[in-house]
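Below, each chain spelled out in residue letters.
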Amino acid sequence: MRLQWKCQDKMRCFRKRSTIPLVVVLITCLLFVNLYIEDGYVLDETKRQLRESALHQLNSERYVHTFKDLTNFSGTINVTYRYLAGSPLPRKKYLTIGLSSVKRKRGNYLMETIKSIFDQSSYEELKEIVVVVHLADFDSEWCESLVQDISRKFAHHIIAGRLLVIQAPEDYYPSLDGLKRNYNDPEDRVRFRSKQNVDYAFLLNFCTNLSDFYMMLEDDVRCSKNFLTAMKKVITSREGSYWVMLEFSKLGYIGKLYHSKDLPRLAHFLLMFYQEMPCDWLLIHFRGLLAQKDVIRFKPSLFQHMGYYSSYKGAENKLKDDDFEEDTFDIPDNPPAILHTNINVFENYDATKAYSSVDEYFWGKAPSTGDFFVIVFYKPTKISKIKIVTGSDDRQNDILHHGALEVGEKLIGTKKGKQCSSYITLGEFRNGNIEVQNVDHKISFDVECVRIVVTAGQKEWLIIRSISLWTTQPTAQ
């Protein structure tokens, strides 16, 4: 007998849960140990006991088929997928975009979402992405009809290996009856969100080896133009820093970016706690378990929710991301660099925060004449534009009242770290800000350092809200 699932895509903004059942705390601790078990922190016998204990917590026949691989959190789950359209190419791509979709009572936005992904990408960007659609509904007529529509509309993308449509068979799903009703959610809502966790887990599991990075989207989203190029700039700027999840939208499961190597662990995690809470809450816990304490979210947002009716009972869902910008915008490159300053830093508002695309800033105590803030690149770089903004909306006097912007070369080692031995001045700050265009035309060398110099002391503290650098793209050969 065909099972008809009533499912929902409804997104939830960040909500902190106040308590969690004791059993979940215990299993979370066990999961944390398993996530790091490969690093040799636990003895073999202890590993065995912990794993047996974890499985005992999940002591039910319905888990055996799906959860048999939980003892190896870095391995994929053994699922035989149905290929409904397309097949993977042997060459790994840069980015996989994953969508999970179910039949809705009102409205269907999947086709528009796929179209937006492809339409907003350049020819060169299309070479680096693969879109995987998981049709997670067991209404075979609906699936067949939708696959036909997708195959007609996006035939050339399927042939090129840029679009795959898959399905995880119903036999692999755990029971969705008798689930725990956490947070006083009604039974059908618990059933919806629990199945949705499994839907995403199977999608993540399939995408593990397709690319270097994986981005989670929903099936009712529109994209900003050249979103991949913007994301690549952000990823490059984060080289050398640790991260688990980067966020390119503040809504639900939209625009969440992961290293593909982390997908098996995330898939196992969603399966292990599938009935405990919604997926977006689980993503926050997973990020914390892998030691990324803070949200790393970039503005402007690259993706926008466009659906009006949720897949859960056709309810209205008008959530919008007010940080979204659809038209092309000029995101800085900010090449990988080391930052340091001799200005007295206030609390944890350190130098790196002025160089990040995240909504944060550097804050230092009153600077003196000759104080500096320097950016040292990992390698010489051609810079086309520099823009620096100081002060903030609520502290408009904490600007750099008197300062100069310099670029340098001839890197040398000093007791205080690497510094450039030769600088030239590009300009003076005006009203706390400076912007210099065509830098590469004004100097005859590749830049190794960018330095802000305080030319007169001030009583006010200093906020450097943003440092934005654009590089000169190499000419194609």
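Below: a short report on this structure. Note that the structure is predicted; figures quoted are calculated from it, not measured.

### Side note on the overall build of the protein chain
Regarding its fold elements, the protein chain presents 12 helices and 18 strands. Within the protein chain, the fraction of its 477 residues that count as buried is 55%. About 22,000 Å² of surface is accessible on the protein chain, with carbon and sulfur atoms providing 49% of the total.

### With respect to the packing of helix H4 (residues 110-119) against helix H6 (residues 140-153)
Running from amino to carboxyl end, H4 crosses H6 at an angle of 25 degrees, the nearest separation of the two axes being 11 Å. Taken together, the axis directions place H4 and H6 in an arrangement best described as roughly parallel. In terms of crossing hand, the pair formed by H4 and H6 is right-handed. Between H4, through Leu 110, Met 111, Ile 114 and Lys 115, and H6, the contact on the second element is made entirely by Leu 146, Asp 149, Ile 150 and Lys 153. For the contact of H4 with H6, the class distribution of residues is 5 nonpolar, no polar and 3 charged.

### Comments concerning the sheet that holds strand E3 (residues 129-135)
If you walk across this open sheet you meet the 7 strands as E1-E4-E3-E2-E5-E8-E7, and the pairing is mixed. Strand pairing shows two members of the sheet lacking a second neighbour, strand E1 (82-85) and strand E7 (245-247), which therefore form its edges. With direction set aside, neighbouring strand axes in the sheet form an average angle of 30 degrees. Of the strands in this sheet, strand E2 (93-101), E3, strand E5 (211-216), E7 and strand E8 (256-259) touch helix H9 (residues 227-237), which is tilted by about 120 degrees from E2.

### Overview of the environment of Gly 427
Among the secondary structure elements, Gly 427 is positioned in strand E15 (residues 417-428). Between the alpha carbons of Gly 427 and Leu 405 there is a distance of 5.6 Å; along the sequence they are 22 residues apart. If we ignore the near neighbours within four places in the chain, the residues touching Gly 427 are Gly 403, Ala 404, Leu 405 and Ile 434.

### Brief notes about the sheet that holds strand E10 (residues 337-341)
The strand order across the open sheet built from 5 strands is E10-E12-E17-E14-E15, with neighbouring strands paired in antiparallel fashion. Both outer strands of the open sheet, E10 and E15, are each paired with one neighbouring strand and no more. Strand after strand, the sheet turns through a mean of 25 degrees between neighbouring axes, direction not considered. The sheet contact formed by strand E14 (residues 403-414) and strand E17 (residues 447-454) spans 6 bridges and is antiparallel. The residue bridging Gly 403 from the neighbouring strand is Val 454, located in E17.

Criteria and thresholds
In this convention, every chain numbers its residues from 1, walking through the sequence in written order. A pLDDT threshold of at least 70 governs which residues receive local features in this predicted model, and a stricter bar of 80 or more applies before side-chain atom pairs are shown or counted, although totals over entire chains, interfaces and linings include all residues. Only hydrogens and water are set aside; all other atoms, that is, all heavy atoms of the structure, feed into the side-chain values. Counting from the N terminus, the helices are DSSP H or I runs at least four residues long and the strands are E runs at least two residues long. Categorising residues by exposure relies on relative accessible area from a 1.4 Å probe, with only protein chains included: less than 20% of the type maximum marks a residue as buried, more than 50% marks it as exposed, and the intermediate range marks it as partly exposed. Note on areas: Shrake-Rupley, 1.4 Å probe, and residue coverage restricted to the protein chains presented here. Between N-to-C directions, angles span 0 to 180 degrees; the directions come from axes that are lines fitted to C-alpha atoms, helices contributing only their stretch in contact. Between 65 and 115 degrees an angle is taken as roughly perpendicular, under 35 as roughly parallel, over 145 as roughly antiparallel, and anywhere else as oblique. Helix crossings are classified by the rotation of the near helix relative to the far one: an anticlockwise turn of less than a right angle makes the crossing left-handed, while a clockwise turn makes it right-handed. The contact rule is simple, with two residues in contact once any of their heavy atoms fall within 4.5 Å. The classification used treats Ala, Val, Leu, Ile, Met, Phe, Trp, Tyr, Cys and Pro as nonpolar, Asp, Glu, Lys and Arg as charged, and all other residues, Gly among them, as polar. Note on pairing: DSSP must find at least two bridges between two strands before they are called paired.

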